[in-house]
Amino acid sequence: MEDDKDLPACNLSFLIGHLSFFILEIRRDLLYNAKITATAHYVPKKVVTNEDLEKFLDTSDEWIRTRTGIRQRHMVEKGVATSDLAAEASRRLLERRGISASEIDCIIVATVTPDMFFPSTACILQEKIGARNAWGFDLSGACTGFVYALAAAVQFVHSGAHRKVLVAGADVMTSILNPQDRNTYVLFGDGAGVALVEPTSPGEEGILDFILRSDGSGGKYLYMPGGGSLNPPTHETVQKKMHYVHQDGRAVFKYAVVGMAEVSLEILKRNNFCASDVVLYVPHQANSRIVDAAVERMGLDKSKVVLNIDRYANTTAATIPIGLSEACERNRVRRGDLVLMASFGAGFTWGSLLLRWAA
Ligand code: ACO
């Protein structure tokens, strides 16, 4: 039998438990949710096909297509930088949203190919588009950079600090590729994608959840060793080709297949959704075989998957926002649809983000 003397203490802790739960719920209601209100993208005009690469690399259209799904990629002309691509995409976004650049509060640029070490590409972009009331910063998350940056933007909106955060994923990968290395040169392209993150209106759900992961022990499989504080540029670093991407493709492939599927399934499960609830899946596009494997593990209908690697190759941080922007242009997503994005890249970095489309 229970001792009656313990009951008041029990009731008190029960009450405190319930009270703190309600306070948390009220706080949650007071916070702003965030949503994506507009997207846009830009890729340079110059198209380089697999056949073009055959002319100077020991490779073939057949190998590239069957091993990766890539048919062509866009490449910048000399003198065009990451901020130029991001600026063009941003101008398109501002026009679509019908706002002026001065309304933007904050700019986050996800990139591994900043125009230069400093100033940040965010500052250069701010100047180029005339976002004079914004501050900003660059975020280095490789192929997962855009998902990381979106999650950061959500925090600024969530806290009430900002109402319009411009999130860009932009990379000129050709600036760090060795044109004589068939292992890497065929895989990447240049481009930029942007999204505007704003508070939701009453009754809207917007961005529901995200999972962000990293594992630094994977750094050795995909990296650019030269140019930083460890190996500042010298004749030797140039001769040793240290200013180019180095990748153990096979190793990255194995981790990417598992990582992409894992964060995609986990985010659905913890939000009580299943694959059939997803209307649009926007995966990072490093290799169509990685996407296929993730989609198969998820049991997702292939018609829901954004796949444009054939036209753009891997544009690193730009890949997901380009995919999202194209899906919007093609009316593949409507208000209220459940959208899932997932990525895996250098670091290792990987993550997923789940949202109700509210644009
Ligand atoms: N053309 C012809 N042959 C080639 C080419 C090419 N372009 N590239 C490699 N090969 C050869 C290799 O030399 C090898 O020959 P060998 O057997 O005589 O040694 C053979 O093809 C097979 O090479 P693998 O590396 O085993 O080929 P694989 O099927 O693994 O495909 C690839 C390589 C496409 C790189 C794949 O491993 C991959 O997609 N990896 C993951 C990439 C990724 O996800 N990166 C993360 C994002 S990028 C970022 O974060 C910046």
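Preceding block: the structure.
The shown structure was predicted, so the numbers you read here are calculated from the model rather than taken from an experiment.

Engineer: Describe the nonpolar core, naming the residues involved and giving the relevant values.
Structural biologist: Of all hydrophobic cores here, the largest spans 45 residues; its most connected members are Met260, Val278, Tyr281, Leu300, Leu340 and Phe344. Breaking this core down by element, the ones donating at least two residues are helix 9 (249-270), helix 10 (288-298), strand 12 (338-345) and strand 13 (349-356). Top contributing element to this core by residue count: helix 9, with nine residues. Core analysis: the next-biggest nonpolar cluster, separate from the first, contains 33 residues, Ala149, Ala153, Val157 and Val282 among them.

Engineer: So what's going on with the environment of glycine 169? Which residues, and what values?
Structural biologist: By secondary structure assignment, the location of glycine 169 is in strand 6 (residues 165-172). Its relative accessible area of 0% is what places glycine 169 among the buried residues. For the pair glycine 169 and threonine 111, spaced 58 residues apart in sequence, the C-alpha separation works out to 6.1 Å. Those residues in contact with glycine 169 that lie beyond four places of it in its chain are Ala110, Phe146, Gly191, Ala192, Gly193, Ala317, Ala318 and Pro321.

Engineer: I'd love a proper account of the site of the ligand, names of residues and values included.
Structural biologist: Near the ligand there are 27 residues, and of these Thr59, Arg67, Cys143, Arg250 and Asn287 occur at the shortest range. A distance of 3.0 Å separates an oxygen atom of the ligand from a polar side-chain atom of arginine 289. In isolation the ligand offers 1000 Å² of accessible surface; the protein chains occlude 78% of this area. Within the residue set of the shell around the ligand, elements represented by two or more residues are helix 3 (61-68), helix 7 (182-185), helix 9, helix 10 and strand 12. The element that contributes the greatest number of residues to the shell around the ligand is helix 9, accounting for four residues. Both domains that furnish three or more residues to the shell around the ligand are identified here as domain 1 (34-199) and domain 2 (207-356).

Engineer: Explain the pairing of strand 13 to me, using residue names and the numbers behind them.
Structural biologist: Every regular strand shows the same layout, with side chains that alternate between the two sheet faces. With seven of its eight residues buried, strand 13 lies for the most part within the structure. Pairing of strand 8 (residues 207-214) with strand 13, which is carried by seven bridges, proceeds in the antiparallel orientation. Bridge assignment links arginine 213 to a residue of strand 13, and that residue is tryptophan 350. Once strand 12 ends, the chain turns through three residues before running back antiparallel as strand 13, passing glycine 347 with a positive phi of about 145°.

Engineer: Any chance you could break down the sheet that holds strand 5 (residues 135-139) for me, citing the residues and the numbers?
Structural biologist: In a beta sheet, neighbouring strands pair by backbone hydrogen bonds and run either parallel or antiparallel. Spatially, five strands are ordered 1-7-6-4-5 in an open sheet, and the strand pairing comes out mixed. Edge positions in the sheet fall to strand 1 (34-42) and strand 5, since each of these pairs with one other strand and no more. Along the sheet, successive strands turn relative to each other by an average axial angle of 20°, direction set aside. Alignment of strand 4 (residues 106-110) against strand 6, held across five bridges, turns out to be parallel. Within strand 6, the position partnered with valine 109 by the bridge is alanine 168. Packed onto the sheet, helix 6 (residues 145-158) meets strand 1, strand 4, strand 5, strand 6 and strand 7 (190-199) and runs at close to 165° relative to strand 6. Contacting strand 1, strand 6 and strand 7, helix 12 (residues 319-329) crosses the sheet at an angle of about 95° to strand 1.

The rules behind the values
Residues numbered from 1 in each chain as written. Predicted model: local features only at pLDDT ≥ 70, side-chain atom pairs only at ≥ 80, totals over all residues. Heavy atoms only, no water. Core = buried A, V, L, I, M, F, W, Y, C linked by side-chain atoms within 4.5 Å. Buried < 20%, exposed > 50% of the residue type's maximum accessible area, 1.4 Å probe, protein only. Helix = DSSP H or I, 4+ residues; strand = E, 2+ residues; numbered from the N terminus. Contact = heavy atoms within 4.5 Å. Near = heavy atom within 4 Å. Polar contact = N/O pair within 3.5 Å; in protein donor to acceptor, adjacent residues only side chain to side chain. Areas by Shrake-Rupley, 256 points an atom, 1.4 Å probe, with all protein chains shown as cover. Domains from an automatic or database assignment. Pairing = 2+ DSSP bridges. Axes fitted to C-alpha atoms, helices over the stretch in contact; angles between N-to-C directions.

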